Amino acid sequence: MYVKVETERLAFIRFNQPKLRSEDYIHLRDAIHSDGDVQNIGRLTILPSTYIGSPRHMHEYAQDAMTYVRNYGTPDLFITVTCNPKWTEIERELEPGQKPQDRHDIIARVFQQKLKVMMDVLTKYRVFGDTRCYMYSVEWQKRGLPHAHILIWLLNKLHSNEVDDIISAEIPDPVTDPRLHDIVTTQMVHGPCGALNPLSPCMADGKCTKRYPRPLVAETVTGNDGYPVYRRRSKEDNGRTIKVKVQNQEIEIGNEFIVPYCPLLSRIFETHANVESCHSAKSIKYLCKYVTKGSDMAVFGIASENVNDEISNFQMGRYVSTNEALWRLLSFQIHERYPTVVHLAVHLENGQRVYFTEANAAQRAERPPSTTLTSFFAMCEADPFAATLMYVEMPKYYTWNQSTKKFQRRKQGTPVPDWPQVFSTDALGRMYTVHPRNDECFYLRLLLVNVRGPKSFAHLKTVNGHQCQT
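Reading the values: the criteria
- Residues numbered from 1 in each chain as written.
- Predicted model: local features only at pLDDT ≥ 70, side-chain atom pairs only at ≥ 80, totals over all residues.
- Heavy atoms only, no water.
- Buried < 20%, exposed > 50% of the residue type's maximum accessible area, 1.4 Å probe, protein only.
- Helix = DSSP H or I, 4+ residues; strand = E, 2+ residues; numbered from the N terminus.
- Pairing = 2+ DSSP bridges.
- Contact = heavy atoms within 4.5 Å.
- Axes fitted to C-alpha atoms, helices over the stretch in contact; angles between N-to-C directions.
- Salt bridge = Lys/Arg side-chain N within 4 Å of Asp/Glu carboxyl O.
- Polar contact = N/O pair within 3.5 Å; in protein donor to acceptor, adjacent residues only side chain to side chain.
- Patch = residues over 30% accessible without salt bridge, like charges linked within 9 Å, V, L, I, M, F, W, Y side chains within 5 Å.
- Areas by Shrake-Rupley, 256 points an atom, 1.4 Å probe, with all protein chains shown as cover.
- Core = buried A, V, L, I, M, F, W, Y, C linked by side-chain atoms within 4.5 Å.
- Parallel < 35°, antiparallel > 145°, perpendicular 65-115°, else oblique.
- Left-handed = near helix turned anticlockwise from the far one by under 90°.
- Nonpolar A, V, L, I, M, F, W, Y, C, P; charged D, E, K, R; others polar.
- Phe/Tyr/Trp six-rings, centres within 6.5 Å; stacked < 30°, edge-to-face > 60°.
- Lys NZ or Arg CZ within 6 Å of the ring centre and 35° of its normal.

Chemist: Tell me what's going on with the pairing of strand S4 (residues 146-154), and back it up with residues and numbers.
Modeler: For a regular strand, the rule is simple: side chains alternate between the two faces of the sheet. For S4, the tally of buried residues reaches nine of nine residues, placing the bulk of the element in the interior. Covered by surrounding structure in S4 are Pro146, Ala148, Ile150, Ile152 and Leu154 together with His147, His149, Leu151 and Trp153, the residues of both alternating faces. Here strand S2 (residues 77-82) pairs with S4 via six bridges, running antiparallel. Residue pairing for S4: Thr80 is matched across the bridge by His149.

Here is the structure:
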């Protein structure tokens, strides 16, 4: 049923391409003046970023994640939480003789509520301290169990000597904390793999792809690549061991196979919740890409009909599991983040993107609609406070009204000292990226990052009273 729904939605976008034609304003104007034929401007099948899960949508989310990094530095915690089909909330809803995999609707509903509670625990109850911003993304394993990747930025950065208070990679004491010992030994043991079990699914070329077994160390240290090496004590150093079954044989394993976890979250949620401290710049791009890497695909070689058809490219290898289908039919969030990121247009004079139909093309060419950039210039001219701001700072104090295409001062938030009726919020602005080959526009963007309160394109080109050509 969900694939039918998705096909219908994509069909609507495909058949309404003529209504979605977009061309840079200046090109539209030139085309109409030269040949007057509106038919063949903008020949391309576009899958817009408003379609959730499309490559453009995912790319936008990865860029927004980098906006958080630019404003708040590196994230402090990376948490992966997976659904546990043995949760009592799931098991008590099953009919006699049913297994959890027979009822993906229950799994989806329960996991969605657990995830909501987890975000409340992290952000409202502040278990790790005040949260500055967060983002998460929901994915599905091949068996169909949902799991979420969560990035947390804390107000007070996590110091290396505090990691052990939050994250553990050791087997808990079965005498003093039997419940946690039970959860960790059932949910947080990787493998075992390596020499103990060469047939483990994580093995490739005789090595574990997840880098287990990990080295046993007496103290937590930061590794050479910025990933922490957590404290895992050996048996000689009072580390505990447990017995596990591998191919009908009992094997004794120690802390080298324990996935890092937070004792508090494991106790609350009784599931596989991997908590990692991350603070290297290398891990950021990987995480932001990982958190927003998009839909599952299962592609094999097919000769492509139309390179410009983004909808067919998206549909060609789309792989939907039962649980994802139910999650999407129930309209649950796939991504969530805070604070909001407002996208700001960057274009040369008369170079804004215009959406037009055959009927209104001439009128659009006469009077192009205003954009966030042209509206910013107008605000700097009229509003003395706006003239003190950079372009990317606008969303913090102003809201963008989509219908009137104008910026308006925010009506609520934190009052700004010395400026009556000006309020600030946590909203962040992000200018669209411009390729350096598009040189004139690229330099315009550079100026917008550095110049406060420009009043027009001419103002940006003026140096010491002399207006430059380019």
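Chemist: How would you sum up the side chain of Glu324? Please name residues and give values.
Modeler: Along the chain, Glu324 falls in helix H11 (residues 322-329). Those residues in contact with Glu324, other than ones at most four positions away along the chain, are Trp140, Arg318 and Tyr319.

Chemist: So, the sheet that holds S2: which residues are in play, and what are the values?
Modeler: With antiparallel pairing, the five strands of this open sheet are ordered in space as S11-S2-S4-S3-S12. Both edges of this open sheet fall to strand S11 (273-277) and strand S12 (335-338), since each of them pairs with a single strand only. Neighbour-to-neighbour, the strand axes of this sheet turn through a mean angle of 10 degrees, independent of strand direction.

Chemist: Please set out the pattern of salt bridges residue by residue, giving values where relevant.
Modeler: Tallied over the full model, the rule gives 18 salt bridges. Across the salt bridge formed by Glu89 and Lys114, the nearest N and O atoms sit 3.1 Å from each other. Placement of the pair is Glu89 in helix H4 (residues 88-91) and Lys114 in helix H5 (residues 104-123), with a sequence separation of 25 residues. With relative accessibility at 27%, the residue Glu89 sits in the partly exposed group. Several salt bridges converge on common partners, so that one network encompasses Asp64, Arg337 and Arg430.

Chemist: How would you sum up the environment of His347? Please name residues and give values.
Modeler: Among the secondary structure elements, His347 is positioned in the loop between strand S13 (341-344) and strand S14 (353-355). Residues His347 and Tyr432, 85 residues apart in the sequence, show an inter-C-alpha distance of 9.5 Å. Sequence-distant contacts of His347, that is, excluding residues within four places in its chain, are made with Gln352, Thr371, Leu373, Thr374, Cys441, Leu444 and Phe457. Of note is the side chain of His347, whose polar atom sits 2.8 Å from the side chain of Thr371.

Chemist: If you had to explain a nonpolar patch on the surface to someone new, which residues and values would you point to?
Modeler: A cluster of nonpolar side chains, Tyr125, Val127, Leu264 and Ile268, forms an exposed patch at the surface whose accessible area comes to about 360 Å². One can find Leu264 in helix H8 (residues 263-269).

Chemist: A description of the pairing of strand S19 (residues 428-431) should follow, citing residues and the corresponding values.
Modeler: What you see with S19 is no split at all: Leu428 and Arg430 on one side and Gly429 and Met431 on the other are buried throughout. Bridge analysis of S13 against S19 gives four bridges, and the strand direction is parallel. Across the sheet, the residue bridging to Leu344 is Met431, located in S19.

Chemist: Residues and numbers for the nonpolar core, please.
Modeler: Residues Phe111, Leu122, Phe128, Ile150 and Leu265 are the most contacted members of the largest nonpolar core, which totals 41 residues. Elements with a minimum of two residues in this core: S2, H5, strand S3 (131-140), S4, helix H6 (163-166), H8 and S11. Looking at this core element by element, the count peaks at 10 residues for H5. Among residues more than four places away in sequence, those in contact with Phe128 are Leu77, Ile79, Leu122, Leu154, Ile166, Cys262 and Leu265. With 25 residues, the next largest nonpolar core counts Met379, Leu389, Val422 and Met431 among its residues.

Chemist: Can you lay out H11 for me, pointing to particular residues and giving the numbers?
Modeler: Within H11, the full set of buried residues consists of Asn323, Glu324, Ala325, Trp327 and Arg328. Each element contacted by the buried residues of H11 is listed here: helix H1 (2-15), H5, S3 and S4.

Chemist: Go over the packing of H5 against H11 with me, naming the residues and quoting the values.
Modeler: Two elements in contact, H5 and H11, have axes whose closest approach is 9 Å; the angle formed by their N-to-C orientations is 60 degrees. On the basis of their axis angle, the class for H5 and H11 is oblique. Between H5 and H11 the crossing geometry is right-handed. When H5 is examined against H11, the residues His104, Asp105, Ile107, Ala108, Phe111 and Gln112 are found in contact with a partner set consisting of Thr322, Asn323, Leu326 and Trp327. The class makeup of the residues in the contact of H5 with H11 is five nonpolar, four polar and one charged.

Chemist: Mind laying out the packing of aromatic side chains, listing which residues take part and the relevant values?
Modeler: With the rule as written, the count across this model stands at 13 aromatic pairs. Centroid distance Trp327 to Phe332: 5.2 Å. Interplanar angle 80 degrees. Geometry classified as edge-to-face. Taken together, Phe111, Trp140, Trp327 and Phe332 form an aromatic cluster joined through their ring pairs. Positioned above the aromatic ring of Trp87 is the side chain of Lys114, whose terminal nitrogen or guanidinium carbon lies 4.7 Å from the ring centre. Geometry around Tyr212 places Arg214 over its ring, the cationic atom sitting 4.5 Å from the centre.

Chemist: Can you break down unusual backbone geometry residue by residue, with the values?
Modeler: Of the consecutive residues Tyr212 and Pro213, the connecting peptide bond is found in the cis state with omega at -10 degrees. Its place among the elements puts Pro213 in the loop between strand S6 (207-208) and strand S7 (221-222). With an omega of -5 degrees, the peptide bond between Tyr338 and Pro339 qualifies as cis. By secondary structure assignment, the location of Pro339 is in the loop between S12 and S13. The phi angle at Arg126 is positive, at roughly 50 degrees, despite the residue not being glycine. Secondary-structure assignment places Arg126 in the loop between H5 and S3. The class for Arg126 is partly exposed, based on a relative accessible area of 47%. The backbone of Asn248 shows a phi angle near 60 degrees, a positive value even though the residue is not glycine. Residue placement: Asn248 occurs in the loop between strand S9 (242-246) and strand S10 (249-253). The exposed category is assigned to Asn248, whose relative accessible area is 76%.

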